[in-house]
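Reading the structure
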Amino acid sequence: MDSTIDFIIDSLKEEPIGETDHFIWFITDIGIVALFKKDENCETYSSNVEIEANKIGLDITKEEKEYLKLKKRQLFLFYS
């Protein structure tokens, strides 16, 4: 398995930095991870992610956003 994927999965074992309606948020050395709380359509959650990031004091508007599905978990990875 890709070492980047392993690194992200290991980061999800750490304490989250916050929780919003649809996401659990983590900071990693790669970037910010928004882990989906439920198994939902990516487009549904994509429209909420920036609004919810603001609710916990994160500005992700200038970051690259990537959707990933890792070991049955869905998430957005934000990085510069």
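Our subject is the structure that appears above.
This structure is a prediction, so every number in the text was calculated from the model and none was measured. (Residues numbered from 1 in each chain as written. Predicted model: local features only at pLDDT ≥ 70, side-chain atom pairs only at ≥ 80, totals over all residues. Heavy atoms only, no water.)

1. Here we look at the pairing of strand β5 (residues 73-79)
As a reminder of what qualifies: Summary of the burial criterion: residues with accessible area below 20% of their type's maximum are buried, those above 50% are exposed, and those between are partly exposed, where the area comes from a 1.4 Å probe applied to protein chains only. Secondary structure elements follow DSSP: runs of H or I no shorter than four residues count as helices, runs of E no shorter than two count as strands, and numbering proceeds from the N terminus. Pairing between two strands is assigned when DSSP locates at least 2 bridges connecting them.
Of all seven residues in β5, five are buried, a share of seventy percent or more. Relative to β5, strand β3 (residues 32-36) is paired through four bridges, and the arrangement is antiparallel. By the bridge assignment, Ile32 is partnered in β5 with Phe78.

2. A word on the nonpolar core
We apply this condition: What makes a nonpolar core is a set of buried Ala, Val, Leu, Ile, Met, Phe, Trp, Tyr and Cys residues whose side-chain atoms join them at distances within 4.5 Å.
Counting residues in hydrophobic clusters, the biggest one holds 13 residues, and the most contacted among them are Phe23, Trp25, Ala34, Val49, Ile60, Phe76 and Phe78. Going through the elements one at a time, β2 (23-27), β3, α2 (42-46), α3 (49-55) and β5 are the ones with two or more residues in this core. Of the residues forming this core, the biggest block, three residues, is contributed by β3.

3. Considerations on the sheet that holds β5
Just so we agree on the cut-off: Contacts between residues were defined by any pair of non-hydrogen atoms, one from each residue, lying within 4.5 Å. Throughout, an axis means a line fitted to C-alpha atoms (over the contacting stretch in the case of helices), and angles, computed between N-to-C directions, take values from 0 to 180 degrees.
The antiparallel open sheet is built from five strands, whose spatial order is β1-β2-β3-β5-β4. With one partner strand each, in any of the chains shown, β1 (18-19) and β4 (64-70) form the two edges of the open sheet. Direction of pairing for β4 relative to β5: antiparallel, over a ladder of seven bridges. Looking at β5, one finds that Lys65 is bridged to Phe78. With respect to the sheet, helix α1 (residues 3-11) is in contact with β2, β3, β4 and β5, its orientation differing from that of β4 by roughly 85°.

4. A closer look at the side chain of Ser11
Relative to the helices and strands, Ser11 resides in helix α1. According to the relative accessible area criterion, Ser11 is buried, its value standing at 9%.

5. Topic: the environment of Leu12
With respect to the helices and strands, the residue Leu12 is situated in the loop between α1 and β1. The buried category is assigned to Leu12, whose relative accessible area is 10%. Along the sequence, Leu12 and Asp2 sit ten residues apart, while their C-alpha atoms lie 16 Å from each other. Setting aside residues no more than four positions away along its own chain, Leu12 makes contact with Phe26, Val33, Leu35, Arg73 and Leu75.

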